[in-house]
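# Observations on the model geometry
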Amino acid sequence: MIFTLVLILIGALLLLVIGINVIQQQKERAEAERRTEMARQRAIIDETETVLSSTGMFPCSTNIVLILYKRVQEALTLSVNLGGNQTADYQRRLADLNAQIETLQQAPKQAPTVEGFRLPDTDKQILTLVQVLKKLKAILRAEHNKGKIDPTIFAQEEARVDSLQLRINVDSMLSRARTASFMKQYGSSKQMVTKALSTLHTIKALTPNDPFISRKVEEAKALLDEIMGAQKLSAPNAPQQKNGEDDIDVLFQPKKKW
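In this text, all values refer to a predicted model and were calculated from it rather than measured experimentally. (Residues numbered from 1 in each chain as written. Predicted model: local features only at pLDDT ≥ 70, side-chain atom pairs only at ≥ 80, totals over all residues. Heavy atoms only, no water.)

## Some points on empty space enclosed by the protein
To keep it simple, the criterion reads: Here a cavity means grid points, on a 1 Å grid over the protein atoms only, where a 1.4 Å probe fits yet cannot get out; a pocket means an open set of points with protein on both sides within 12 Å along at least five of seven lines; lining residues are those with an atom within 4 Å of a point. Grid points are joined across faces, edges and corners, and a volume is the space filled by probe spheres set on the points. To qualify as a helix, a DSSP run of H or I must reach at least 4 residues; to qualify as a strand, a run of E must reach at least 2; elements of each kind are numbered from the N terminus. Any residue that is not Ala, Val, Leu, Ile, Met, Phe, Trp, Tyr, Cys, Pro, Asp, Glu, Lys or Arg is counted as polar, Gly included; the first ten are nonpolar and the last four charged.
Counted according to the given criterion, the structure contains one cavity of 30 Å³ or more. As a volume, the largest cavity reaches approximately 30 Å³. In this structure, the largest cavity is lined by Phe 58, Pro 59, Cys 60, Ser 61, Ile 64, Leu 136, Glu 157, Arg 160, Val 161 and Leu 164. The leading source of residues in the lining of the largest cavity is helix H5 (residues 151-182), at four residues. Counted by class, the lining of the largest cavity contains seven nonpolar, one polar and two charged residues.

## Regarding the pattern of salt bridges
Operational definition: When a carboxyl oxygen of Asp or Glu is within 4 Å of a side-chain nitrogen of Lys or Arg, the pair counts as a salt bridge.
This structure, assessed with the given rule, holds 17 salt bridges. Three or more residues are tied together by salt bridges with common partners; here these are Glu 49, Asp 89, Arg 92, Arg 93 and Asp 96.

## So, the packing of helix H2 (residues 62-82) against helix H3 (residues 87-106)
Counted only if it meets this: Axis geometry follows a simple rule: fit a line to the C-alpha atoms, using only the stretch in contact for helices, then measure angles between N-to-C directions, giving values from 0 to 180 degrees. Angles below 35 degrees are treated as roughly parallel, those above 145 as roughly antiparallel, those between 65 and 115 as roughly perpendicular, and all remaining angles as oblique. In a left-handed crossing the near helix is turned counterclockwise from the far helix by less than a right angle, and in a right-handed crossing that turn is clockwise. By definition, residues are in contact when any of their heavy atoms lie within 4.5 Å.
At a closest axis distance of 9 Å, the pairing of H2 and H3 adopts a crossing angle of 155°. Comparing the axis directions of H2 and H3 gives the class roughly antiparallel. When the axes of H2 and H3 are compared, the crossing they make is left-handed. Contacts between H2 and H3 involve Thr 62, Val 65, Leu 66, Tyr 69, Lys 70, Val 72, Gln 73, Leu 76, Thr 77, Ser 79 and Val 80 from the former and Thr 87, Tyr 90, Gln 91, Arg 93, Leu 94, Leu 97, Asn 98, Gln 100, Ile 101, Leu 104 and Gln 105 from the latter. For the contact of H2 with H3, the per-class residue count stands at eleven nonpolar, nine polar and two charged.

## Looking at the side chain of Glu 157
In this fold, Glu 157 is placed in helix H5. When neighbours within four sequence positions are excluded, Glu 157 is seen to be in contact with Ser 61, Asn 63, Ile 64 and Leu 140.

Right, dumping it as structure tokens:
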């Protein structure tokens, strides 16, 4: 009888130990998941605030700012619900953000155009702007896929970002073409000008009345003439082109197959 009771007690203790271990493992798993989710929300907050801090570098509409604010708002709300050491800080930031969103929603909507956009002065600033626009475009698509952006607003804002990226691309290619020409790398220089002209045609399809296009097309053509003139001077014995053939037409001709 005593032996039976001992076995029962041992079995009960084993079950109790197993139960405690299972509960402990569940707690550790839940805590690990909470920390992972907290890290994910913190990354969302940091990424979005980085974009927000750079909105002064390009024409940014009220809709874009609201989309970014609401993304941070959602991440802060989830972080508060998850708890943790930063809960009080997140609650304070959330209260401030809610007030900013309310103020912005009541203010007149602004949708600046990209016509007056000018590149930053330094290569470092240009690189930062390129990275910011890339992140902004990814955020817009992610929020749109979640159904949080009106399709019309999404189309307008994505087109604005696309136009800005194309403009930066054109200016960058023309700048590299000038550098290559200065170094007498005329083949590479002509190739970059050609790509710039192709990109300008793409921009024209998006914004046909944009004066930026006409200005940059003329700039690219003038640069191409300058490059080809410099190339002729550097190779005086090269055969002359046929009469009536325009330099630009020759550049765009399909290459002959040998």
